[in-house]
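Overview (structure and organization)
Single-letter residue listing:
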Amino acid sequence: MNAGSNEYLARAVEIAVENVGKSGGPFGATVVTRDGKVFDGVNRVTATNDPTAHAEVVAIRRAAAETGFNLSGAVLYSSCEPCPMCLAAALWARIERVVYAADRDDAASSGFDDALFYDYFGPEGDKQLMPVVRDGYETTDYLAPFRLWDRLPDKVEY
């Protein structure tokens, strides 16, 4: 890790500390784009009653709002190991690399135990935690949105 990486990781930890004093969770994240723009995010889940308002997602949203949804070449620095939702958001944003400080076990020791979620996506994950099924689709024209999308001449490709 280079000096810049240390600086951005320290920044993510610092804003996480500040966020605890602002009724937020102890998580901070910083996205640094390929051209050096910096976007911070802090956990606002309980402050805003938004279960998706994790620090990493907030930072990604801010970066994407200003630079576009494809963040290829960007690095996500997080005060803590990102949960599966945040990792998926980073993948969708095409983040190049994720660097974190505390790990999932450190978070669990303070009551943030996402182990069930990590396990859920593993090969032996208990899918009873939240069953996901394909059902009822035969009674709708479920491919209509995709057919319309395929015909759009000015669509923005993912």
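Heads up: these notes are all about the structure in this document. Please read these numbers as outputs of a predicted model, since none were measured by experiment. (Residues numbered from 1 in each chain as written. Predicted model: local features only at pLDDT ≥ 70, side-chain atom pairs only at ≥ 80, totals over all residues. Heavy atoms only, no water.)

Here helix 4 (residues 84-92) has its buried residues at Pro84, Cys86 and Ala90. For helix 4, the angular spread of buried residues about the axis comes to 160°, placing them on one side. Opposite the packed face of helix 4, turned more than 90 degrees from it, sit the exposed residues Leu91 and Trp92. Its buried side turned inward, helix 4 meets helix 3 (55-67), strand 3 (75-80), strand 4 (97-102) and helix 6 (115-120). (Buried < 20%, exposed > 50% of the residue type's maximum accessible area, 1.4 Å probe, protein only. Helix = DSSP H or I, 4+ residues; strand = E, 2+ residues; numbered from the N terminus. Arc of directions from axis to C-beta. Contact = heavy atoms within 4.5 Å.)

What follows is about the packing of aromatic side chains. Scanning the entire structure with this criterion turns up seven aromatic pairs. Taken together, a centroid distance of 6.2 Å and an interplanar angle of 80° make the contact between tryptophan 92 and tyrosine 158 edge-to-face. Separated by 66 residues along the polypeptide, tryptophan 92 in helix 4 and tyrosine 158 in the segment after helix 7 (144-151) bring together distant segments of the chain. You can call tyrosine 158 exposed: its relative accessible area is 69%. Look at tyrosine 120 and phenylalanine 121: their rings are 5.2 Å apart centre to centre, the planes differ by 85°, and that puts the pair in the edge-to-face class. Exposure remark for tyrosine 120: the relative accessible area of 11% places this residue in the buried category. Note on phenylalanine 121: relative accessible area 61%, which makes it exposed. Members of the aromatic cluster, joined through ring pairs, are Phe69, Trp92, Trp149 and Tyr158. Sitting over the ring of tyrosine 118, arginine 104 keeps its end group 3.6 Å from the ring centre. The ring of tyrosine 120 carries the charged tip of lysine 127 above its face, separated from the ring centre by 4.8 Å. (Phe/Tyr/Trp six-rings, centres within 6.5 Å; stacked < 30°, edge-to-face > 60°. Lys NZ or Arg CZ within 6 Å of the ring centre and 35° of its normal.)

Attention shifts here to the sheet that holds strand 2 (residues 38-42). A sheet is described by the order of its strands in space; here four strands give the open sequence 2-1-3-4, paired in mixed fashion. Both edges of this open sheet fall to strand 2 and strand 4, since each of them pairs with a single strand only. The average undirected angle you get between the axes of adjacent strands in this sheet is 15°. As paired strands, strand 1 (residues 28-32) and strand 3 are joined by four bridges and run antiparallel to one another. The partner of threonine 30 across the bridge, within strand 3, is tyrosine 77. In the packing of helix 3 onto the sheet, contacts are made with strand 1, strand 2 and strand 3, and the angle to strand 2 comes to roughly 145°. (Pairing = 2+ DSSP bridges. Axes fitted to C-alpha atoms, helices over the stretch in contact; angles between N-to-C directions.)

With that out of the way, let us pick up the nonpolar core. Judged by nonpolar contacts, the single largest core of 16 residues is most densely connected at Val31, Ile60, Leu71, Leu76 and Ile95. If you list the elements that add at least two residues to this core, you get strand 1, helix 3 and strand 3. Examining the composition of this core, we find that four residues originate from one element, helix 3, more than from any other. Ignoring anything within four residues of it in the chain, the contact list for isoleucine 60 reads Val31, Leu71, Leu76, Ala89, Ala90 and Ala93. (Core = buried A, V, L, I, M, F, W, Y, C linked by side-chain atoms within 4.5 Å.)

Phi is positive for serine 23, close to 65°, though the residue is something other than glycine. The topology assignment puts serine 23 in the loop between helix 1 (3-20) and strand 1. On the basis of relative accessible area, serine 23 is assigned to the exposed category, the value being 55%.

A surface patch of negative charge is lined by Asp105, Asp106, Asp113 and Asp119. With respect to the secondary-structure elements, aspartate 105 resides in helix 5 (residues 104-108). (Patch = residues over 30% accessible without salt bridge, like charges linked within 9 Å, V, L, I, M, F, W, Y side chains within 5 Å. Areas by Shrake-Rupley, 256 points an atom, 1.4 Å probe, with all protein chains shown as cover. Salt bridge = Lys/Arg side-chain N within 4 Å of Asp/Glu carboxyl O. Lys, Arg positive; Asp, Glu negative; His and termini not counted. Charge placed at Lys NZ, Arg CZ, Asp CG, Glu CD.)

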